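Fold and geometry: a report
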Amino acid sequence: MANDEDNSTESSPPPPQKHLVFAYYITGHGFGHATRAVEVVRHLIAAGHDVYVVTGAPDCGAVQADALSVDPLASLEKVSDVVPIACRAADDAGIRSACVTNFR
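What counts, and at which threshold
- Residues numbered from 1 in each chain as written.
- Predicted model: local features only at pLDDT ≥ 70, side-chain atom pairs only at ≥ 80, totals over all residues.
- Heavy atoms only, no water.
- Core = buried A, V, L, I, M, F, W, Y, C linked by side-chain atoms within 4.5 Å.
- Buried < 20%, exposed > 50% of the residue type's maximum accessible area, 1.4 Å probe, protein only.
- Contact = heavy atoms within 4.5 Å.
- Helix = DSSP H or I, 4+ residues; strand = E, 2+ residues; numbered from the N terminus.
- Expected span 1.5 Å × (residues − 1).
- 1 Å grid on protein atoms, 1.4 Å probe; cavity = no way out; pocket = protein on both sides within 12 Å on 5 of 7 lines; lining within 4 Å.
- Points joined across faces, edges and corners; volume = space filled by probe spheres on them.
- Nonpolar A, V, L, I, M, F, W, Y, C, P; charged D, E, K, R; others polar.
- pLDDT = per-residue confidence, 0-100.
- Salt bridge = Lys/Arg side-chain N within 4 Å of Asp/Glu carboxyl O.

**Brief notes about the nonpolar core**
With 6 residues, the main nonpolar core is built from Tyr24, Ile26, Ala37, Val41, Leu44 and Val51. Setting aside residues no more than four positions away along its own chain, Tyr24 makes contact with Ala37, Val40, Val41, Leu44, Val51, Tyr52, Val53, Val54 and Val100.

In structure tokens:
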């Protein structure tokens, strides 16, 4: 004899998510990083998490000897889409970290 519960096609609601707290560091290398991060932060907040955004002063990422001179080769070596110091700070604080990038 079949039970009504056995014939149900409805799925059960998803399990509740664990509440997380994020410290989201956004590099100051131009505004593209902030533009991309806004969407990630917005979704984290919508999912019920707390997000604290930290950012540095605007920085173009160029290596400069002075205000008018740019070292193109050194600048290319320096370019990174993430800032390793943020991961080190998280490690020193005993918390997990993740990096969001658009580079492969």
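We are not done yet, so read on.
**Thoughts on the side chain of His49**
With respect to the secondary-structure elements, His49 resides in the loop between α1 (32-46) and β2 (50-55). What makes His49 buried here is its relative accessible area of 11%.

**As for α1**
An ideal rise of 1.5 Å per residue puts 21 Å on 15 residues; α1 measures up with 22 Å between its terminal C-alpha atoms. Among the residues of α1, those classed as buried are His33, Ala37, Val41 and Leu44. Tucked into the core, α1 has its buried residues touching β1 (21-26) and β2. Following α1 by one or two positions, Gly48 adopts a phi angle in the positive range, close to 95°.

**What about the layout of surface pockets?**
Here the largest pocket defines a volume of roughly 920 Å³. The wall of the largest pocket is formed by 29 residues, among which Ala23, Tyr24, Tyr25, Ser97 and Ala98 lie closest to the centre. Those elements that provide at least two residues to the lining of the largest pocket are β1, α1, β2 and α3 (84-92). Top element by residues in the lining of the largest pocket is β1. It accounts for 6 residues. In the lining of the largest pocket, the residues fall into 23 nonpolar, 3 polar and 3 charged.

**Some thoughts on the confidence of the model for the protein**
Summarising the model, the protein shows a mean pLDDT of 75, and 66% of its residues fall at 70 or more. At the low end of the mean pLDDT range in the protein sits helix α2 (residues 72-78), at 72; at the high end sits β2, at 87.

**Some thoughts on the pattern of salt bridges**
Inspection of every chain in the model, using the stated rule, returns 2 salt bridges. The partner of Arg88 in a salt bridge is Asp92, with the nearest N and O atoms 3.0 Å apart. Here Arg88 pairs with Asp92, and both are found in helix α3, just 4 residues apart, close to one helical turn. Overall, Arg88 belongs to the exposed group, its relative accessible area being 51%.

**Focus: the environment of Gly48**
As for its position among the elements, Gly48 is in the loop between α1 and β2. Each C-alpha atom of the pair Gly48 and Val21 lies 9.6 Å from the other, and the pair is 27 residues apart in sequence.

**Section: the environment of Val53**
By the element assignment, Val53 lies in strand β2. Linking Val53 and Tyr25, residues 28 residues apart in sequence, is a C-alpha distance of 5.9 Å. Those residues in contact with Val53, other than ones at most four positions away along the chain, are Tyr24, Ile26 and Val41.

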